[in-house]
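# A structural walkthrough
Here's the letter readout for the chains.
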Amino acid sequence: MNKNILLGCHVGMGSPNYFLGSVKEAISYGANTFMFYTGAPQNSFRKPINELLIEEGKELLVKAGIDVTKLIVHAPYIINPANKNRPDLYHNSKEFIISELRRTYAFGAKILVLHPGAHVGYGSEEAIQSLAEALDYIFENDGTDVKIAIETMAGKGTEIGISFEEISKIISKSRYKNRLGVCLDTCHINDAGYNVHDVDSVLETFDKVIGLDKLLVCHLNDSKNPVGAHKDRHENIGYGEIGFETISKYVHHPLLINIPKILETPYIDGKAPYKKEIEMLLSNKLIDNWKENF
Ligand code: FE
Ligand code: FE
Ligand code: ZN
């Protein structure tokens, strides 16, 4: 087992302990990195950052030996920065992402994961152009050095960013390429049609089309659906179509050691599965029927 493997999960951030609570939660799972939303993922209401116990959380991070610059913030998924044809929503999405980048910066984190949005009928070419322009506006105005990691999407509805080629286009159309990277989600690329099991070939293709230096985060999720299903329904590790062996290959792959790998698998009867999943993945040993005995 390689102790330097960066492996963690999604954690909550809510009242009363906010960021300090998030750090405690991650530590309780044996995680050495984690991802959080700065508020509810389905809305854009956000508490002022001075109420989030950021300093207290950072102190605990230092004690636990967790590198704050490897933490990930996830932007809420209701915004759509890729549709210029709804000027009000397009504008609000851009302004919200600017405020998210500033919040991410305030935590000391360096990476904001963003869903690239949907073309809602206008075609992906136009949406890719809209998004690239939105990103340029955002980077011109946010005043931080936080990077945006565009997440690979499953291809449900009219999502864009469903292939490495589309993501590469978004990056190449932006004037701020050095502030853009990618979040590779195993469930999403499986559902988008990639053979997720052949890890070397996935990474080789990624390198050819986008460049491995752009890979900033991995989301490790099993999928409830077969390859190419365009669904995006996450499953616990070992219980889906991807399977434990493949997910574990991502955890232990030499090219991915230093990249934060984040579990976003579903809760089981109201309980977080992450301690168990992290344990099994780090030891590369699947416990049979672990969910039944959870
Ligand atoms: Fe996501
Ligand atoms: Fe994800
Ligand atoms: Zn997903």
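First things first, this report covers the structure right here in the doc. (Residues numbered from 1 in each chain as written. Chains lettered and ligands numbered in written order. Predicted model: local features only at pLDDT ≥ 70, side-chain atom pairs only at ≥ 80, totals over all residues. Heavy atoms only, no water.)

Here the focus is the packing of aromatic side chains. A full pass over the atoms with the stated rule returns 13 aromatic pairs. Taken together, a centroid distance of 4.5 Å and an interplanar angle of 25 degrees make the contact between Phe 164 and Tyr 194 stacked. Here the residue Phe 164 occupies a position in helix H5 (residues 164–173), and Tyr 194 occupies one in the loop between helix H6 (186–192) and helix H7 (199–209), the gap between them amounting to 30 residues. Taken as a pair, Phe 164 and Tyr 194 share a single burial class, namely buried. Between the aromatic rings of Tyr 267 and Tyr 274, the centroid separation amounts to 6.2 Å while the plane-to-plane angle is 80 degrees, which identifies the pairing as edge-to-face. The exposure class of Tyr 267 is partly exposed, given its relative accessible area of 45%. Three or more aromatic residues joined by ring pairs form one cluster here, namely Phe 19, Phe 34, Phe 36 and Phe 107. When the ring centre of Tyr 137 is taken as origin, the NZ or CZ atom of Lys 94, which lies over that ring, is 4.8 Å away. (Phe/Tyr/Trp six-rings, centres within 6.5 Å; stacked < 30°, edge-to-face > 60°. Helix = DSSP H or I, 4+ residues; strand = E, 2+ residues; numbered from the N terminus. Buried < 20%, exposed > 50% of the residue type's maximum accessible area, 1.4 Å probe, protein only. Lys NZ or Arg CZ within 6 Å of the ring centre and 35° of its normal.)

Turning to the coordination of the zinc ion (ligand 3), a few remarks are in order. Coordination of the zinc ion (ligand 3) by the protein involves His 188 (NE2), Asp 232 (OD) and His 234 (NE2), with metal-donor separations of 2.0 to 2.3 Å. The metal-metal distance between the zinc ion (ligand 3) and the iron ion (ligand 1) comes to 5.3 Å. In this structure, Asp 232 and His 234 share a single accessibility class: buried. (Donors = N, O, S within 2.8 Å, 3.2 Å for Na, K, Ca; no water.)

Let's shift gears to a negative patch on the surface. Residues Asp 198, Asp 200, Glu 204, Asp 207 and Asp 213 make up a contiguous surface patch of negative charge. On the secondary structure map, Asp 200 appears in helix H7. (Patch = residues over 30% accessible without salt bridge, like charges linked within 9 Å, V, L, I, M, F, W, Y side chains within 5 Å. Areas by Shrake-Rupley, 256 points an atom, 1.4 Å probe, with all protein chains shown as cover. Salt bridge = Lys/Arg side-chain N within 4 Å of Asp/Glu carboxyl O. Lys, Arg positive; Asp, Glu negative; His and termini not counted. Charge placed at Lys NZ, Arg CZ, Asp CG, Glu CD.)

Moving on, we come to the coordination of the iron ion (ligand 2). Ligation of the iron ion (ligand 2) by protein atoms is provided by Glu 151 (OE), Asp 185 (OD), His 219 (ND1) and Glu 264 (OE), these donors lying 2.1 to 2.2 Å from the ion. For the iron ion (ligand 2), the donor residues sit on a single chain with the sequence spacing E-x33-D-x33-H-x44-E. Taken as an interatomic distance, the gap from the iron ion (ligand 2) to the iron ion (ligand 1) is 3.3 Å; Glu 151 donates to each of them. Taken as a pair, Asp 185 in strand S6 (residues 180–185) and His 219 in strand S7 (residues 215–220) lie far apart in primary sequence, 34 residues in all. Of the two residues, Asp 185 and His 219, neither departs from the other in class, the shared state being buried.

This part takes up the environment of Leu 184. Mapped onto the secondary structure, Leu 184 falls in strand S6. For Leu 184, a relative accessible area of 0% corresponds to the buried category. For the pair formed by Leu 184 and Leu 89, sequence separation is 95 residues and the distance between their alpha carbons is 26 Å.

Strand order in the closed barrel made by the 8 strands is S1-S2-S3-S4-S5-S6-S7-S10, with parallel pairing throughout. Direction aside, neighbouring strands of the sheet carry axes that sit 30 degrees apart on average. The pairing of S6 with S7 spans 4 bridges and is classified as parallel. Residue pairing in the sheet places Asp 185 in a bridge with His 219 of S7. The strands touched by H5 within the sheet are strand S5 (147–151) and S6, with S6 carrying the most contacts at an inclination of about 160 degrees. Against the sheet, helix H9 (residues 274–283) makes contact with strand S1 (7–10) and strand S10 (261–263), and its axis sits at roughly 155 degrees relative to S1, the strand it touches most. (Pairing = 2+ DSSP bridges. Axes fitted to C-alpha atoms, helices over the stretch in contact; angles between N-to-C directions. Contact = heavy atoms within 4.5 Å.)

With that out of the way, let us pick up the layout of surface pockets. Computed from the structure, the largest pocket encloses a volume of approximately 280 Å³. As for the largest pocket, its lining consists of 15 residues, and the residues nearest its centre are His 10, Tyr 37, Tyr 77, His 234 and Glu 264. Size it by volume and the second largest pocket reaches roughly 180 Å³. Forming the walls of the second largest pocket are Tyr 77, Ile 79, Asn 80, His 115, Pro 116, Gly 117, Ala 118, Met 153, Lys 156, Glu 159, Ile 160 and Asp 232. A class-by-class count of the residues in the lining of the second largest pocket yields 6 nonpolar, 3 polar and 3 charged. (1 Å grid on protein atoms, 1.4 Å probe; cavity = no way out; pocket = protein on both sides within 12 Å on 5 of 7 lines; lining within 4 Å. Points joined across faces, edges and corners; volume = space filled by probe spheres on them. Nonpolar A, V, L, I, M, F, W, Y, C, P; charged D, E, K, R; others polar.)

Such coordinate-based values are descriptive only and should not be taken to indicate function.
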